[in-house]
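Understanding the architecture of this molecule
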Amino acid sequence: MRYISTRGGIAALPFQDAVMMGLARDGGLLLPETLPSVDESTLDLWQQMSYQRLALELFSLFVDDIDRQTLEDLIERSYARFSHPQVTPMRMVGDFYVLELFHGPTLAFKDVALQLLGNLFAHVLAQSSGFMNILGATSGDTGSAAIAGVRGKPGINIFILHPYGRTSPLQALQMTTVLDKNVFNIAVRGSFDDAQTIVKRLFGDLAFRDQYQLGAVNSINWARVLAQVVYYVFAFLKLRRLGKSSVDFSVPTGNFGDIFAGYVAKQLLPKDSIHRLILATNANDLLTRFVQCGDYSRGQVIPTMSPSMDIQIASNFERYLYYLHEGDGAKVRDDMEHFAQTGKLDLSRFRERTAEDFRSHSVSEDETIATIGAVWREHGYLLDPHTAVGVRAAQECREDRPVICLATAHPAKFGAAVQKAIGRDPDLPPQLAGLAEKETRCEVMEADAEAVRRFVASHALRG
Ligand SMILES: *Cc1c(COP(=O)(O)O)cnc(C)c1O
């Protein structure tokens, strides 16, 4: 399988190059040249498989430049640190299913992809005797999952900026208590946007970027999407075993990465296996407006209690746009340029097509709290606020078939929202319980790109 750009401006690449490139050089996102599909008899075989084995079969459809044994080993190691033997277990809560994606080392679904991405980077670098310096900014979850994915790996240093004092205390500790020599936490005195702007500035300096082989771990990396396809298929197969041949998924959405993986799974499986993807948003309802009216237009970011979904530009949306334009890269490029200039796209002519794929609902803060409270009282099951947005949207949009709600974070990561909903703090799982007593390491700095550049330069790996 080879990989092309959504904007049509690069020669097709093998998988490993696509992973290392992240963003395509023409500014587009990478996608497989064709989307594979599987038939019912393949599903009969897959239905019996463990999570890891299913991941191997799925990856084999998209990866032909890593041998099967190596791929198997990469997958095994990536999921060995999950605390549940099924990696992403599913349970029934009332009349819906919850797919728990938070059993990884940092208790959010980003571990599913970033554990694998860390191992893939290390594999590619070991083969080429190369090195990379990962640089990123985080408002919370992504940073700790990225650090957990690459800590201790040879050939990789990681620099993660977070806004000083503005993440939750637990989120900061999940990063700063990692003492491996290749991990550098930088707390900047400023907002997440300040941190993000510094990172963009340093990536924009091409000489600096090349000299230090800067790498990114943001959600546009194709390997992250691919790793997420696995749990959609895994969950669907569990219900197929029970005789259910068509399901809906509800997905708490921010950057459109997770739900785009659902779209790939929908294309891969026989028609109607995945009937609809329910795109759940909080008050930041850009994508809900798109699904409901074909209006894709940027607004102001509104802070909510589901902060990982507080976005106004969905960085993976361009991938879906590519399919709406039936693979015409020039049209994608025109649209994205228009959006960059005006902050708006009118996609209403695609509404019928979009309605085949998605339903959507935007969930308020009050509804989020009420949903956590109601599910706790009625079923004794505790939702985190992101998952609660998905559950509430599912209640609104589901049709007459089973619905699987993705649980994207452990409730203990968002104790304040839980406290508000049920009147007490959630129990801390062992990964979080001892954090406050642990030793920490973190560089606190002004929000100044030059200071960060000097710090990175003096601690970076170099050729
Ligand atoms: C990142 C994140 C999301 C949003 O996922 P996208 O792929 O950006 O749409 C939802 N919930 C949690 C807990 C997250 O960390």
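Up top is the structure.
All values derive from a computational prediction rather than experimental measurement.

Calculation notes
- Residues numbered from 1 in each chain as written.
- Predicted model: local features only at pLDDT ≥ 70, side-chain atom pairs only at ≥ 80, totals over all residues.
- Heavy atoms only, no water.
- Axes fitted to C-alpha atoms, helices over the stretch in contact; angles between N-to-C directions.
- Helix = DSSP H or I, 4+ residues; strand = E, 2+ residues; numbered from the N terminus.
- Parallel < 35°, antiparallel > 145°, perpendicular 65-115°, else oblique.
- Left-handed = near helix turned anticlockwise from the far one by under 90°.
- Contact = heavy atoms within 4.5 Å.
- Nonpolar A, V, L, I, M, F, W, Y, C, P; charged D, E, K, R; others polar.
- Salt bridge = Lys/Arg side-chain N within 4 Å of Asp/Glu carboxyl O.
- Buried < 20%, exposed > 50% of the residue type's maximum accessible area, 1.4 Å probe, protein only.
- Pairing = 2+ DSSP bridges.
- Right-handed = clockwise from strand over helix to strand, strands pointing away.
- Near = heavy atom within 4 Å.
- Polar contact = N/O pair within 3.5 Å; in protein donor to acceptor, adjacent residues only side chain to side chain.
- Areas by Shrake-Rupley, 256 points an atom, 1.4 Å probe, with all protein chains shown as cover.
- 1 Å grid on protein atoms, 1.4 Å probe; cavity = no way out; pocket = protein on both sides within 12 Å on 5 of 7 lines; lining within 4 Å.
- Points joined across faces, edges and corners; volume = space filled by probe spheres on them.

1. Focus on the packing of helix α3 (residues 51-62) against helix α4 (residues 68-79)
Put simply, α3 and α4 touch, their axes get as near as 10 Å, and they point 135 degrees apart. Taken together, the axes of α3 and α4 are oblique relative to one another. The hand of the α3/α4 crossing is right-handed. Along the contact surface, α3 presents Tyr-51, Gln-52, Arg-53, Ala-55, Leu-56, Glu-57, Phe-59 and Ser-60, while α4 presents Arg-68, Leu-71, Glu-72, Ile-75, Glu-76 and Tyr-79. A class-by-class count of the residues in the contact of α3 with α4 yields seven nonpolar, two polar and five charged.

2. With respect to the pattern of salt bridges
Following the criterion strictly, the structure yields 23 salt bridges and no others. With its nearest N and O atoms 3.0 Å apart, the salt bridge here joins Glu-396 to Arg-392. Pair noted here: Glu-396 and Arg-392 are both in helix α17 (residues 385-397), with a separation of four residues, about one helical turn. When its relative accessible area of 18% is taken as the criterion, Arg-392 is described as buried.

3. Overview of the pairing of strand β6 (residues 132-137)
For a regular strand, side-chain orientation follows a simple rule: the groups alternate between the two sheet faces. Most of β6 is tucked away: six of the six residues are buried. Here β6 shows no split at all, with Met-132, Ile-134 and Gly-136 on one side and Asn-133, Leu-135 and Ala-137 on the other all buried. Both β6 and strand β7 (residues 156-163) contribute to a ladder of six bridges, which runs parallel. When the sheet's bridge partners are listed, Ile-134 is paired in β7 with Ile-158. In this region the chain leaves β6, passes through helix α6 (residues 141-150) and returns to the parallel neighbour β7; the handedness of that crossover is right-handed. Bridging between β6 and strand β9 (residues 214-215) involves two bridges; their strand directions are parallel. Bridged to Asn-133 within β9 is Leu-214.

4. Focus: the environment of Ser-50
Relative to the elements of secondary structure, Ser-50 occurs in the loop between α2 (40-46) and α3. Put simply, Ser-50 and Gly-28 are 22 residues apart on the chain and 35 Å apart in space, counted from C-alpha to C-alpha.

5. As for the site of the ligand
Taken together, 15 residues sit near the ligand, with Lys-110, Asp-141, Gly-254, Asn-255 and Thr-408 positioned nearest. In the model, an oxygen atom of the ligand is placed 2.7 Å from a nitrogen or oxygen of the Asn-255 main chain. Within the backbone of Gly-257, an N or O atom sits 3.3 Å from an oxygen atom of the ligand. Contact with the protein chains covers 97% of the free accessible surface of the ligand, which is 380 Å². The residue inventory of the shell around the ligand, partitioned by class, reads five nonpolar, seven polar and three charged.

6. Describing empty space enclosed by the protein
Any space left empty among the atoms is revealed by the rolling of a water-sized probe across them. Scanning all chains against the criterion turns up two cavities of 30 Å³ or more. By volume, the largest cavity amounts to about 40 Å³. Around the largest cavity sit Trp-46, Gln-47, Met-49, Leu-54, Phe-234, Leu-237, Lys-238 and Arg-241, which together line it. Looking at the lining of the largest cavity element by element, the count peaks at four residues for helix α10 (residues 222-241). A per-class count over the lining of the largest cavity returns five nonpolar, one polar and two charged. Of the voids in this model, the second largest cavity is the one considered here, and its volume is about 30 Å³. Every residue lining the second largest cavity is listed: Thr-253, Gly-254, Thr-281, Asn-284, Leu-286, Leu-287, Met-309 and Ile-311. When its residues are assigned to classes, the lining of the second largest cavity shows four nonpolar, four polar and no charged.

7. Points about the sheet that holds β6
The five strands are arranged β9-β6-β7-β8-β16 in an open sheet whose pairing can be described as parallel. Both edges of this open sheet fall to β9 and β16 (443-446), since each of them pairs with a single strand only. Sheet topology note: the strand β8 (residues 183-189)/β16 ladder contains four bridges and is parallel. Each bridged residue has a counterpart across the sheet, and for Arg-189 the counterpart in β16 is Glu-446. Running over the sheet, helix α7 (residues 169-176) touches β7 and β8 and is turned about 160 degrees from β7. Contacting β6, β7, β8 and β16, helix α20 (residues 449-459) runs over the sheet at an angle of about 155 degrees to β7.

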